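As a plain string of letters, each chain reads:
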Amino acid sequence: MAAAPPVYRCQELVKRRAGGGTTFELLVPELRIAPGEVVVLRGPSGCGKSTLLDMLALALRPDQAKGFSFRPEQRDATDLWRLWAHSDLDGLGQLRGRHIGYVLQTGGLLSFLTARENIALSCRLLGYDARGLVEQLAERLDISAQLDKRPGQLSVGERQRVAIARALAHRPVVVLADEPTASVDPLNAKRILDLFLELVRQSGTCAIIASHDWQPEPTPGVRILDHRIERDGNITRSLFWG
Ligand SMILES: Nc1ncnc2c1ncn2[C@@H]1O[C@H](COP(=O)(O)OP(=O)(O)OP(=O)(O)O)[C@@H](O)[C@H]1O
Ligand SMILES: [Mg+2]
């Protein structure tokens, strides 16, 4: 049986970031991510994990790409590089809003909304009925008692679980998670991560997780992308592929 067409396909995708006399270059020679796959971007701090996630979230413009496409549904892939080249921010925003959930490294919850309102936000923007769904996700993530609090009244781990619920509530095809268990003690980090993996597997969502300290042992069903750093004069080049 032929492999399912990838959700993402990147070929020679490049993003450069300069500052302080040095240049960081992220290079993705070739990357394919299949529907429902769970993928980890593992590498040290500063190696470009958030940069790559931001490009996969359609939130950061690449500098170069031979190919960069997204196929969230059973139809032709969308040429993201073309959308960026035409500065079609509406088109990119619509794809992002409908098909992508993002657990940001910094949390990203809106401080003036309650946990319940934060979780329901993407559904509200898309006109989906979130009734029942918020409670269901909250129960799975053990934050039912916290739903009427604002983010400032929650513990760090509770905030991270609210951010996970928010990224999953509109049933996206892809969920991107940037260090989703950072700043939580190791025991809670493992609990939150196991829950997150269980939820994405049950919903068949494709997940791409950035982690600087992902466990060295293989996790069944999780693919760790290959990564290498090269130095070239004052350019630090970080490569991810797979
Ligand atoms: N806006 C920016 N301008 C210039 N350089 C930047 C910018 N954002 C990030 N960088 C640089 O790009 C490189 C990659 O940063 P990035 O945030 O992607 O790393 P990371 O792997 O997510 O690190 P961490 O594990 O600490 O979150 C770093 O060298 C960083 O200093
Ligand atoms: Mg980061």
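Residues numbered from 1 in each chain as written. Chains lettered and ligands numbered in written order. Predicted model: local features only at pLDDT ≥ 70, side-chain atom pairs only at ≥ 80, totals over all residues.

Assigned secondary structure in the protein chain consists of 7 helices and 11 strands. The principal-axis extent of the C-alpha atoms belonging to the protein chain is close to 55 × 40 × 40 Å. Per-residue burial for the protein chain yields a buried fraction of 36% across its 242 residues. Relative to all contacts within the protein chain whose residues are 6 or more apart in sequence, the contacts with residues 24 or more apart total 72%. (Helix = DSSP H or I, 4+ residues; strand = E, 2+ residues; numbered from the N terminus. Buried ≥ 20, exposed ≤ 12 C-beta atoms within 10 Å, placed from the backbone. Contact = placed C-beta atoms within 7 Å.)

Next up on the list: the sheet that holds strand 8 (residues 206-211). If you trace the 5 strands from one edge of the open sheet to the other, you get 6-7-8-3-9, paired in parallel fashion. The open sheet has two edge strands with one neighbour each: strand 6 (100-103) and strand 9 (222-224). Taking the axes of each pair of neighbouring strands and ignoring which way they run, one obtains an average angle of 20° across the sheet. Bridge count between strand 7 (residues 174-178) and strand 8: 5 bridges; the pairing is parallel. Within strand 8, the residue paired with Asp-178 across the bridge is Ala-210. Across the face of the sheet, helix 6 (residues 156-168) comes into contact with strand 6 and strand 7 while running at roughly 170° to strand 6. (Pairing = 2+ DSSP bridges. Axes fitted to C-alpha atoms, helices over the stretch in contact; angles between N-to-C directions.)

We now examine the site of ligand 1. Near ligand 1 the following residues occur: Arg-17, Gly-19, Phe-24, Ser-45, Gly-46, Cys-47, Gly-48, Lys-49, Ser-50, Thr-51, Gln-105 and His-212. Secondary-structure elements contributing two or more residues to the shell around ligand 1 are strand 1 (8-19) and helix 1 (49-56). For the shell around ligand 1, the leading source of residues is helix 1, giving 3 residues. Classifying every residue of the shell around ligand 1 by side-chain character gives 2 nonpolar, 8 polar and 2 charged. (Near = placed C-beta within 6 Å. Nonpolar A, V, L, I, M, F, W, Y, C, P; charged D, E, K, R; others polar.)

Quick look at the packing of helix 6 against helix 7 (residues 186-203) now. Here helix 6 crosses helix 7 at 10°, and the two axes come no closer than 11 Å. One way to sum up the angle between helix 6 and helix 7 is to call them roughly parallel. Residues Gly-157, Gln-160, Arg-161, Ile-164 and Leu-168 of helix 6 pack against Asn-188, Ile-192, Phe-196 and Leu-199 of helix 7. Classifying every residue of the contact of helix 6 with helix 7 by side-chain character gives 5 nonpolar, 3 polar and 1 charged. (Parallel < 35°, antiparallel > 145°, perpendicular 65-115°, else oblique.)

So, about the packing of helix 4 (residues 115-126) against helix 6. Between helix 4 and helix 6, whose axes approach to 7 Å, the crossing angle comes to 25°. Taken together, the axis directions place helix 4 and helix 6 in an arrangement best described as roughly parallel. The handedness of the crossing between helix 4 and helix 6 comes out as right-handed. Between helix 4 and helix 6, the contacting residues are Ala-115, Asn-118, Ile-119, Leu-121 and Ser-122 on the first element and Val-162, Ala-165 and Arg-166 on the second. In terms of residue class, the contact of helix 4 with helix 6 is made up of 5 nonpolar, 2 polar and 1 charged. (Left-handed = near helix turned anticlockwise from the far one by under 90°.)

Let us look at the pairing of strand 1. Two faces make up the sheet, and in a regular strand the side chains alternate between them. Alignment of strand 1 against strand 2 (residues 22-33), held across 11 bridges, turns out to be antiparallel. Note that in strand 2 the partner of Val-14 across the bridge is Leu-27. Hairpin connection between strand 1 and strand 2: a loop of 2 residues separates the two successive antiparallel strands, and Gly-20 in this loop has a positive phi of roughly 60°. Two elements, strand 1 and strand 4 (residues 67-70), share 4 bridges in a ladder whose sense is antiparallel. Following the sheet pairing, Arg-9 is matched in strand 4 by Ser-69.

This part covers the pairing of strand 8. When you tally the buried positions in strand 8, you get 6 out of 6 residues, the bulk of the element. The alternating pattern of strand 8 places Cys-206, Ile-208 and Ala-210 and Ala-207, Ile-209 and Ser-211 on opposite faces, both of which are buried. Regarding the hand of the β-α-β motif, the stretch spanning strand 7, helix 7 and strand 8 is right-handed. (Right-handed = clockwise from strand over helix to strand, strands pointing away.)

Attention now moves to the environment of Arg-9. Assignment of secondary structure puts Arg-9 in strand 1. Note: C-alpha distance between Arg-9 and Ala-189 (180 residues apart in sequence) is 30 Å.

None of the figures reported here should be taken as evidence of function without further support.
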